[in-house]
Amino acid sequence: MLNTAILIVSGILCVALILNLWRLLRGPDLSDRILALDTMYINSIALILLYGMHMGTNLYFESALLIAMLGFVSTVALCKYLLRGDIIE
Amino acid sequence: MNFWVELLITILLLIGGIFVLVGSIGLIRLPDFYTRLHAPTKATTVGMGGILIASMVMMTNNQGYLSLHELLITLFLLITAPITAHMLAKTALHHENRALRRTRSQHLMECAREQQPPKPADHD
């Protein structure tokens, strides 16, 4: 039952990632694209955690934490660049 | 693995997956940026929360001792989601993204763009 559930949820997450990719490619504005990227990294964290659950190891947890931190910093840096024209003034 | 533990993990995973999908569908379907900003927050909080708690239950069950470090990611996402939303909304205001015509109090966007407090007569 658990393996089936993990497979189904992985499929759902892949569909969600494709929808985000559509918004990333199409988004009429730059802020739409940044929002799509932000959602994409959160969904990929979920996908990595599911892979770790499937393999039954704790190894993938660190990579998920790293992606969470780097994704947040990159989103804030992109927003800062669009707001001020510079990242560190 | 115990049947009930497996059932609990499955339910948590399915709740998380459905909320992530709902967030992405909202990102596609909603009409303007300010409403679109609202949808992926569900994916961040409830969706990721469900998947991370499922992972926590499974690791605790597998290893035999309490595994709490998945809570780190949940906590980090819960702290950073409002900051990201705030920065994105400020960016959209600064770039003068069009809002829907039926958005209420649109005259306040001018003051917000200039980072000024609203004038007393502007309140609805």
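In this text, all values refer to a predicted model and were calculated from it rather than measured experimentally.

**Some points on the overall build of chain A**
A tally of helices and strands in chain A yields 3 helices and 0 strands. Starting at the N terminus and ending at the C terminus, chain A contains elements arranged as α-α-α. Computed over C-alpha atoms, the radius of gyration of chain A comes to 16 Å, more than 25% over the 12 Å expected from 2.2 N^0.38 for 89 residues, which places it beyond the range of a compact globule. For chain A, the spread of C-alpha atoms along the three principal axes comes to 50 × 30 × 10 Å. Buried positions account for 45% of the 89 residues belonging to chain A. A separation of at least 24 residues holds for 48% of the contacts in chain A among residues at least 6 apart in sequence. For chain A, the computed accessible surface area is about 4600 Å², with 72% contributed by carbon and sulfur atoms. Averaged over its 5 positive side-chain charges, chain A has a centre that lies 8 Å from the centre of its 6 negative ones.

**Examining the UniProt feature "transmembrane region" (unreviewed entry) in chain B**
Residue and element names in this part refer to chain B. In this structure's numbering, the residues bearing the UniProt feature "transmembrane region" (unreviewed entry) are residues 6-28, 40-59 and 71-93. End-to-end, the C-alpha atoms of residues 40-59 are 27 Å apart, and along that stretch the chain is 100% helix and 0% strand. The span residues 71-93 is 100% helix and 0% strand, and its two end C-alpha atoms sit 34 Å from each other.

**Notes on helix 4 (residues 70-94) of chain B**
Residues and elements named next belong to chain B. Its 25 residues place the ends of helix 4 36 Å apart at the C-alpha level, agreeing with the 36 Å of an ideal helix rising 1.5 Å per residue. At T80, helix 4 shows its maximal bend, which comes to roughly 30 degrees, and the proline P82 appears one to four places after that position. Every buried residue of helix 4 is listed here: E70, I73, T74, L77, T80, A81, T84, M87, L88, T91, A92 and L93. At the C-terminal side of helix 4, E96 shows a positive phi close to 55 degrees.

**Looking at the packing of helix 2 (residues 30-55) of chain A against helix 3 (residues 40-63) of chain B**
Where helix 2 of chain A meets helix 3 of chain B, the axes come as close as 10 Å, and the angle between the chain directions of the two elements is 15 degrees. The angle between the axes of helix 2 of chain A and helix 3 of chain B places the two elements in the roughly parallel class. Crossing angle aside, the handedness with which helix 2 of chain A passes helix 3 of chain B is left-handed. For the pair helix 2 of chain A and helix 3 of chain B, the contacting residues are L35(A), T39(A), I42(A), I45(A), A46(A), L49(A), G52(A) and M53(A) in the first and P40(B), T44(B), M48(B), I51(B), L52(B), A54(B), S55(B), M58(B) and M59(B) in the second. Residues belonging to the contact of helix 2 of chain A with helix 3 of chain B are distributed by class as follows: 13 nonpolar, 4 polar and no charged.

**Overview of the packing of helix 1 (residues 2-26) of chain A against helix 2 of chain A**
Residue and element names in this part refer to chain A. Where helix 1 meets helix 2, the axes come as close as 9 Å, and the angle between the chain directions of the two elements is 165 degrees. It follows that helix 1 is roughly antiparallel to helix 2 by the angle criterion. Relative to helix 2, helix 1 is oriented so that their crossing is left-handed. In terms of residue class, the contact of helix 1 with helix 2 is made up of 16 nonpolar, 6 polar and 3 charged.

**Quick word on the interface of chain A and chain B**
Every contact between the two is made by 46 residues of chain A and, on the other side, 46 residues of chain B. Both sides together, the interface formed by chain A and chain B hides about 4200 Å², and carbon and sulfur atoms give 79% of it. The interface formed by chain A and chain B includes 1 salt bridge. At the junction of chain A with chain B, the criterion picks out 8 residue pairs in polar contact (both at pLDDT 80 or more). Among the secondary structure elements, those contributing two or more residues to the side of chain A that touches chain B are helix 1, helix 2 and helix 3 (60-84) of chain A. In terms of residue count, helix 2 of chain A provides more of the side of chain A that touches chain B than any other element does, 15 residues in total. By residue class, the composition of the side of chain A that touches chain B is 32 nonpolar, 9 polar and 5 charged.

The rules we used
Residues numbered from 1 in each chain as written. Chains lettered and ligands numbered in written order. Predicted model: local features only at pLDDT ≥ 70, side-chain atom pairs only at ≥ 80, totals over all residues. Heavy atoms only, no water. Helix = DSSP H or I, 4+ residues; strand = E, 2+ residues; numbered from the N terminus. Rg over C-alpha atoms; globule rule 2.2 N^0.38 Å. Buried < 20%, exposed > 50% of the residue type's maximum accessible area, 1.4 Å probe, protein only. Contact = heavy atoms within 4.5 Å. Areas by Shrake-Rupley, 256 points an atom, 1.4 Å probe, with all protein chains shown as cover. Lys, Arg positive; Asp, Glu negative; His and termini not counted. Charge placed at Lys NZ, Arg CZ, Asp CG, Glu CD. UniProt positions renumbered as here; feature names shortened; annotations may be inferred. Expected span 1.5 Å × (residues − 1). Bend = angle between axes of the 7 residues up to and from the residue. Axes fitted to C-alpha atoms, helices over the stretch in contact; angles between N-to-C directions. Parallel < 35°, antiparallel > 145°, perpendicular 65-115°, else oblique. Left-handed = near helix turned anticlockwise from the far one by under 90°. Nonpolar A, V, L, I, M, F, W, Y, C, P; charged D, E, K, R; others polar. Buried area = accessible area lost by both parts, 1.4 Å probe. Salt bridge = Lys/Arg side-chain N within 4 Å of Asp/Glu carboxyl O. Polar contact = N/O pair within 3.5 Å; in protein donor to acceptor, adjacent residues only side chain to side chain.

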